[in-house]
Amino acid sequence: MTIYNFSAGPAVLPKDVLQQVQAEMVDWHGSGMSVMEMSHRGKEFMGIAAEAEADLRELMGIPANYKVLFLQGGASSQFAMVPMNLLRGKTGADYLNTGEWSKKAIKEAKRYSAVNVVATSEDKNFSYAPAQDQWKLDPNAAYVHYTPNETIGGVEIFWTPELGTQPGDVPLVADMSSTILSRPIDVSKFGLIYAGAQKNIGPAGLTIVIVRDDLMGQTMAGTPSMFDYKIHADNESMYNTPPTFGMYTAGLVFKWLKARGGLAAMEKTNREKAGLLYDALDTTDFYTSPVAKDNRSLMNVPFVIKGSTLKDAALDEAFLKLAKERSLLQLKGHRSVGGMRASIYNAMPIEGVRALVDMMRAFEKSHG
Ligand SMILES: *Cc1c(COP(=O)(O)O)cnc(C)c1O
């Protein structure tokens, strides 16, 4: 039976990509070496890195005045790197608070900066995103940070906040860890985008940063070299040893996305997949989505079973047992919120979502 993996991250990768990795594992393109064994400064790996960058630039339409950095440390390191690099002599930054990852970013930023929370959805248990006309922006903020997709809460913001896009304007910064590559975005509206790879890009250990040129080179005193975007940019992400195997695998994922029609095609499929699942939730009161309709994530779909709570989760346990019997894996909700969560990233085939919906209906019949 085909196994479907609904993990929030590290998450499912395209089977074709895994098979190509397997085929090339021991001897990459006749080099006699695994990519894992290659010098990051050798001609083979330099080619792999350049191609990965070019493909990502093409997929996302990244303008020439942006650098693409292949780093380590996860999105969590970016929570510190962003203020260290982007404060640029200012004392405060604006943050939108839409859930668990926003809160972590805010907490870390407070080590370096005053933080102005422009708006929060805490009043409704982080089940929606406040509209931009409700944000209390500070015109003197060094930047505005937000999380377009809250991976744990399943809250996605489908519009891009409107800020200036010129040097001197307050730049927009986004933690796109769980939404990058799921649909087209206009990169020129952002000063900086970052994402850990293990949700929608590739294996854990790689972090991608896309940063506008004029925002680099004014780091806070005492910033470690490894935390300085300019140093990484000037060294083409080879200031130290980059996560080579992750970059190679991500590069194969980029080619897979291109072969399937790029991000517009991915958005179409992703909307279809998420639509199947939300329809299944909406046509019964046995299951509920806790998220406001306009903010229902295309990538992470949390849902709760009627009568189940964090304290009494017997129904959840029974649900997960049946899911496992049907080869539907890693559906347990995040420990902080309970319930279920189906993560349906690019690499999740629509057949996996159909299998989940069938299983949900069967479970409702026997337990509803
Ligand atoms: C997973 C995740 C993170 C944390 O990523 P790490 O790579 O574990 O540091 C941060 N933000 C979002 C939105 C995430 O989904």
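Residues numbered from 1 in each chain as written. Predicted model: local features only at pLDDT ≥ 70, side-chain atom pairs only at ≥ 80, totals over all residues. Heavy atoms only, no water.

The protein is annotated in an unreviewed UniProt entry as Phosphoserine aminotransferase from Sulfuriferula multivorans. In the Sequence similarities (unreviewed entry) part of its UniProt record, the protein is described as follows: "Belongs to the class-V pyridoxal-phosphate-dependent aminotransferase family. SerC subfamily." A UniProt comment under Function (unreviewed entry) is attached to the protein, and it reads "Catalyzes the reversible conversion of 3-phosphohydroxypyruvate to phosphoserine and of 3-hydroxy-2-oxo-4-phosphonooxybutanoate to phosphohydroxythreonine." (UniProt positions renumbered as here; feature names shortened; annotations may be inferred.)

Caption draft 1: Up close: the overall build of the protein. Within the protein, the secondary structure is distributed over nine helices and 14 strands. The C-alpha atoms of the protein give a radius of gyration of 21 Å, which matches the 21 Å a tight globule of 368 residues would have. When its C-alpha atoms are laid out on the principal axes, the protein stretches across 60 × 55 × 35 Å. The buried share of the protein, reckoned over its 368 residues, is 53%. Across the protein, the fraction of contacts at a sequence separation of at least 24, relative to all contacts at a separation of at least 6, is 68%. Total accessible area on the protein stands at roughly 15,900 Å², and carbon and sulfur atoms take up 52% of it. Of the side chains in the protein, 38 bear a positive and 40 a negative charge, and the two mean positions are spaced by 4 Å. (Helix = DSSP H or I, 4+ residues; strand = E, 2+ residues; numbered from the N terminus. Rg over C-alpha atoms; globule rule 2.2 N^0.38 Å. Buried < 20%, exposed > 50% of the residue type's maximum accessible area, 1.4 Å probe, protein only. Contact = heavy atoms within 4.5 Å. Areas by Shrake-Rupley, 256 points an atom, 1.4 Å probe, with all protein chains shown as cover. Lys, Arg positive; Asp, Glu negative; His and termini not counted. Charge placed at Lys NZ, Arg CZ, Asp CG, Glu CD.)

Caption draft 2: Looking closely at the sheet that holds strand β4 (residues 114-120). Taken together, seven strands build an open sheet; the order of strands is β2-β10-β9-β8-β5-β3-β4 and the sheet is mixed. Only two strands of the sheet have a single neighbouring strand rather than two, namely β2 (66-71) and β4. Taken pair by pair, the neighbouring strands of this sheet meet at an average axis angle of 20°, ignoring direction. Bridging between strand β5 (residues 144-146) and strand β8 (residues 172-175) involves three bridges; their strand directions are parallel. From the neighbouring strand, His-145 faces β8, where its bridge partner is Val-173. Taken strand by strand, helix α2 (residues 43-60) contacts β2 and β10 (207-212), and its axis lies near 130° from that of β2. Against the sheet, helix α4 (residues 100-109) engages β3 (92-97), β4, β5 and β8, with an angle of about 165° to β3. (Pairing = 2+ DSSP bridges. Axes fitted to C-alpha atoms, helices over the stretch in contact; angles between N-to-C directions.)

Caption draft 3: Looking closely at helix α7 (residues 262-282). Here α7 is 21 residues long and its end C-alpha atoms lie 30 Å apart, about the 30 Å a rise of 1.5 Å per residue gives. Taken as a whole, α7 has its buried residues at Gly-262, Leu-263, Met-266, Asn-270, Lys-273, Ala-274, Leu-277, Tyr-278, Ala-280 and Leu-281. One side of α7 holds all its buried residues, which, seen down the axis, span an arc of 150°. Summarising the geometry of α7, the exposed residues directed more than 90 degrees from the buried face are Ala-264 and Lys-268. (Expected span 1.5 Å × (residues − 1). Arc of directions from axis to C-beta.)

Caption draft 4: Layout of the pairing of strand β12 (residues 300-305). The buried count for β12 comes to five of six residues, which makes it a mostly enclosed element. Sheet topology places strand β11 (residues 287-288) next to β12; two bridges connect them, and they run antiparallel. Bridged to Tyr-287 within β12 is Ile-305.

Caption draft 5: Region of interest: the site of the ligand. Close to the ligand lie Gly-74, Ala-75, Ser-76, Phe-79, Trp-101, Thr-147, Asn-149, Thr-151, Asp-175, Ser-177, Gln-198 and Lys-199, which account for all nearby residues. Side-chain polar atom of Ser-76 to an oxygen atom of the ligand: 2.6 Å apart, as the coordinates give it. One nitrogen or oxygen atom from the side chain of Thr-151 is found 2.4 Å from an oxygen atom belonging to the ligand. A total of four residues in the shell around the ligand trace back to one element, the largest contributor, which is helix α3 (residues 74-86). (Near = heavy atom within 4 Å. Polar contact = N/O pair within 3.5 Å; in protein donor to acceptor, adjacent residues only side chain to side chain.)

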